[in-house]
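Below, each chain spelled out in residue letters.
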Amino acid sequence: MDELLGKAGEDPLIEDLDLGEAPASGTRITTETEVQQPDTPDAVLPEDDEPIPVTVNEDNGDALQWESSDSAAAALSHAARVKADDDVPEEKEAVWSGMKPETEADNFYVNTDVNADTSATEELPDEDETVPESAAVPEKVALFSRDENPELPPKRGSSAGKKILLTAAVLLAVTAASYTIYGQKYHRVFLPNTVINGVDVSGKSAVDAEKLMNAGIADYSLKIKARESADAEIHASDVDLHYDFGDTLSKLISEQSIFSWGPRYFSRHEETLDTMAKLDETRFQAAVDALPCFQASAFKKPVDAHISSYQSGQPFIVVKEEEGTELKTEEATEKIKEAVCTLQQEIDLDQEKLYTEPEIRADNEALVKSAAAMNQYLKTDISYAGDSGIVLNGEQLHNWISPDGKGGVKLDESKLNEFIKNLAAKYDTYNKPKSLKSSWGATVTVRSGSYGWKVNQDAEKSWLREAIASGTKTQRTPEFSQKAASLSGSDFGSTYVEVNLSAQHLYFYKDGKQLISSDFVSGNEAKGTVTHQGAYAISYKQRNATLRGQGYAAPVDYWMPFNNGEGFHDAPWRNAFGGSIYLTGGSHGCVNLPPAVAKTLFENVTAGTPVLVYTLPGTEPKKPVQTQPTPAESSSAADATANPSDSSAAAAQTTAPAAKATEAKKGPGETESGSPNPSISTGAPQKKPGTGSVQPAPGDGGKR
């Protein structure tokens, strides 16, 4: 209706037009009369443009409304102009039918052909006649022309129908106008039933809507759930929480259709704006820092899953990780801020993964494999031989091993090395002092020398590393680079050669029984070619060696070196042994033996037989020693040369310096002291002196 009145209102003539009652459908309106001329209600007169149909009541044929406001407005305007035109003598008709009129002024469906046969004009049917629906409408109906006065159809009806129809049109126009005018306010406010972010802003301006929405969040609060801490809250008032939409709300209003306000009374329209609420940064940070879960002093750091501590007799297990309560404070602050600004009701810091997490969890494949491998290590049980008392098992190994992070075991090399060193310290007797209960009854300490056990540390470490990894159970003798006779008690065992340089007398014990007791001549003290003290081992033994030195060569039948070039050999060129000969007439370092003693010794020693060389003050010969020149063929075994033809030789030749000298011959069977030589015994094994021995120590007279 608004649209109709608006368009018709543009014509000032309509204001003076007395519309009266709305005319009935099909009534013709003229400037001279209001007499109704009945017409077929649904007759449609042709026009240049295709006509717009009229809605017709199927029961009585009355026109109900115009399909187009343009046609209704044009009809009203034309009727008004016809009435105002006093100069036109001809009666003009307007068809109140809702049809769009002809554009030619004052001609309604006029036949422009003046020569046309007026008889062609069809007469209008009587009021009671009914035009069938199938009746064809001519392309153009010549109603009248300016040059002819066609016979007018009979006037019919009264002005009541016209007034009714016109009134309806006016009411419709007024209604439309009112609807449009009322809708103008929605250029400034929101349409009915408009809800933004859950707040009803119907009829509110952008400013008022923002205030209303800010009032709606005044009571907002965010619940914060933390791990191992009571729930906490941040309120809108704590952080000055507010909306600031800028021009967003104004744009929403401008985009509204003002003609949709009617339907909106019956439907709800919701808008969700992504615009976040704003807050005061300083006040927000203060509120966050005050939260119990943000107190760093109360943080508990996470603990990785790990392998359990060792418990005697128990296997290792994987201990589950501990989550802890250490917050990622920077990330947590940002998440809480986002939650407040988007008006979330609750945030769970644990679910948001805002805590520092353990790096290794109990289901870690490498950790599980490492635990199994470490349990294999714990099965190791190695007992070392001898008096060491060394045992290696889980009680020690649990401190050596740890997971390597790759599913294996990391062995602490420093602890392994320490164990090997301790093992060597326990077993090594090489170059260490040795305690000997001498044949004279006194206990002597034999210092230095090369004899003794020596652990091959590298080889033992390599073996041990593999044995531990496989959980080996065994009795173990270490790897030695040098061996001795016994791992228990004295390393030289019960078979050895005892050499007393002070007494110039030696004993050979085999399996604990004395086999030899004999005087000898050792290195020359005066010339400095002494026989060295220490614990040694027979290096090898050789028959028919030739001792060579500068300017001489002296063959011997039995050669048994023990300290580099120093060794035992027979000295057939000597007719006296023992006493003090060694002081000035001694050898170049070898121990010269009577041939029979040398033979017996050679037959009973082997390579590796211990040789213990020492001095024992108080055991020197008591009778003054007569001066005697150095034997002509005395030599040092250091320069001996072995006879290559001797199959028992360990080397083809052994050379040693020798000095020739002329020796005064004494009577057979006399020692340097002038007495018979009873100290050489090659018979059955003898007991040590002082225990019933038939051969007393030299110069001791059977007594010490």
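These lines cover the structure that appears in this document, whether it is placed above or below.

Each value, and the rule that gives it
Residues numbered from 1 in each chain as written. Predicted model: local features only at pLDDT ≥ 70, side-chain atom pairs only at ≥ 80, totals over all residues. Heavy atoms only, no water. Helix = DSSP H or I, 4+ residues; strand = E, 2+ residues; numbered from the N terminus. Contact = heavy atoms within 4.5 Å. Areas by Shrake-Rupley, 256 points an atom, 1.4 Å probe, with all protein chains shown as cover. Patch = residues over 30% accessible without salt bridge, like charges linked within 9 Å, V, L, I, M, F, W, Y side chains within 5 Å. Salt bridge = Lys/Arg side-chain N within 4 Å of Asp/Glu carboxyl O. Buried < 20%, exposed > 50% of the residue type's maximum accessible area, 1.4 Å probe, protein only. Pairing = 2+ DSSP bridges. Axes fitted to C-alpha atoms, helices over the stretch in contact; angles between N-to-C directions. Core = buried A, V, L, I, M, F, W, Y, C linked by side-chain atoms within 4.5 Å. Phe/Tyr/Trp six-rings, centres within 6.5 Å; stacked < 30°, edge-to-face > 60°. Lys NZ or Arg CZ within 6 Å of the ring centre and 35° of its normal.

1. Observations concerning the overall build of the protein chain
Alright, step 1. From N to C terminus, the protein chain includes 14 helices and 33 strands.
Alright, step 2. In the protein chain, 72% of the contacts between residues at least 6 apart in sequence involve partners at least 24 apart.
Alright, step 3. Roughly 35800 Å² of accessible area belongs to the protein chain as shown, and the carbon and sulfur atoms make up 48% of that amount.

2. Things to note about a nonpolar patch on the surface
Alright, step 1. A cluster of nonpolar side chains, contributed by Tyr182, Tyr265 and Phe266, occupies part of the molecular surface with about 390 Å² of accessible area.
Alright, step 2. Overall, the relative accessible area of 77% leaves Phe266 in the exposed class.

3. As for the sheet that holds strand β7 (residues 221-226)
Alright, step 1. In space, the 3 strands of this open sheet follow the order β8-β7-β12, with mixed pairing throughout. This sheet does not close on itself; its edge strands, each paired only once, are β8 (229-235) and β12 (346-348). The average angle at which neighbouring strand axes cross in this sheet is 20 degrees, direction not considered.
Alright, step 2. Where β7 meets β8, 5 bridges bridge the pair, whose relative direction is antiparallel. If you follow Ala226 over to β8, its bridge partner there is Ser229.
Alright, step 3. Sheet contacts for helix α8 (residues 329-341): β7, β8 and β12; angle to β7, the most-contacted strand, approximately 150 degrees.

4. Notes on the pattern of salt bridges
Alright, step 1. In total, this model carries 20 salt bridges according to the counting rule given.
Alright, step 2. Residue Lys278 pairs with Asp244 through a salt bridge whose shortest N-O separation is 3.6 Å. One end of the pair, Lys278, is in the loop between β9 (269-271) and α7 (281-289); the other, Asp244, is in the loop between α5 (236-239) and α6 (248-254), and 34 residues separate them in sequence.
Alright, step 3. Residue classification places Lys278 among the partly exposed positions, given a relative accessible area of 42%.
Alright, step 4. Taking relative accessible area as the criterion, Asp244 reaches 36% and is therefore assigned partly exposed.
Alright, step 5. Taken together, the shared-partner salt bridges in this structure form one network comprising Lys320, Glu321, Glu323, Glu357 and Arg361.

5. Here we look at the nonpolar core
In summary, soluble globular proteins display a tendency toward joint burial of nonpolar side chains.
Alright, step 1. Core analysis: the biggest nonpolar cluster contains 46 residues, and Tyr384, Leu392, Trp400, Ile401, Phe419, Leu436 and Leu464 have the highest contact counts within it.
Alright, step 2. Filtering out sequence-adjacent residues up to four positions away, Leu464 remains in contact with Ile382, Tyr384, Leu392, Leu416, Phe419 and Ile420.
Alright, step 3. Ala226, Phe245, Ile253 and Tyr355 belong to the second largest nonpolar core, which has 42 residues in total.

6. Side note on the packing of aromatic side chains
Alright, step 1. Throughout the structure, instances matching the rule amount to 19 aromatic pairs.
Alright, step 2. Consider the rings of Tyr182 and Trp261, whose centres lie 4.7 Å apart with planes at 55 degrees: the pair is tilted. Of the two residues, Tyr182 is situated in helix α3 (residues 160-183) and Trp261 in the loop between α6 and β9; the sequence distance between them amounts to 79 residues.
Alright, step 3. Given the relative accessible area of 13%, Trp261 is considered buried.
Alright, step 4. Consider the rings of Tyr536 and Phe562, whose centres lie 5.9 Å apart with planes at 35 degrees: the pair is tilted. Of this pair, Tyr536 sits in strand β25 (residues 534-537) while Phe562 sits in strand β27 (residues 552-563), and the two are 26 residues apart along the sequence.
Alright, step 5. A relative accessible area of 3% means that Phe562 is categorised as buried.
Alright, step 6. Over the ring of Phe602 we find Lys541; its NZ or CZ atom is 5.0 Å from the centre of that ring.

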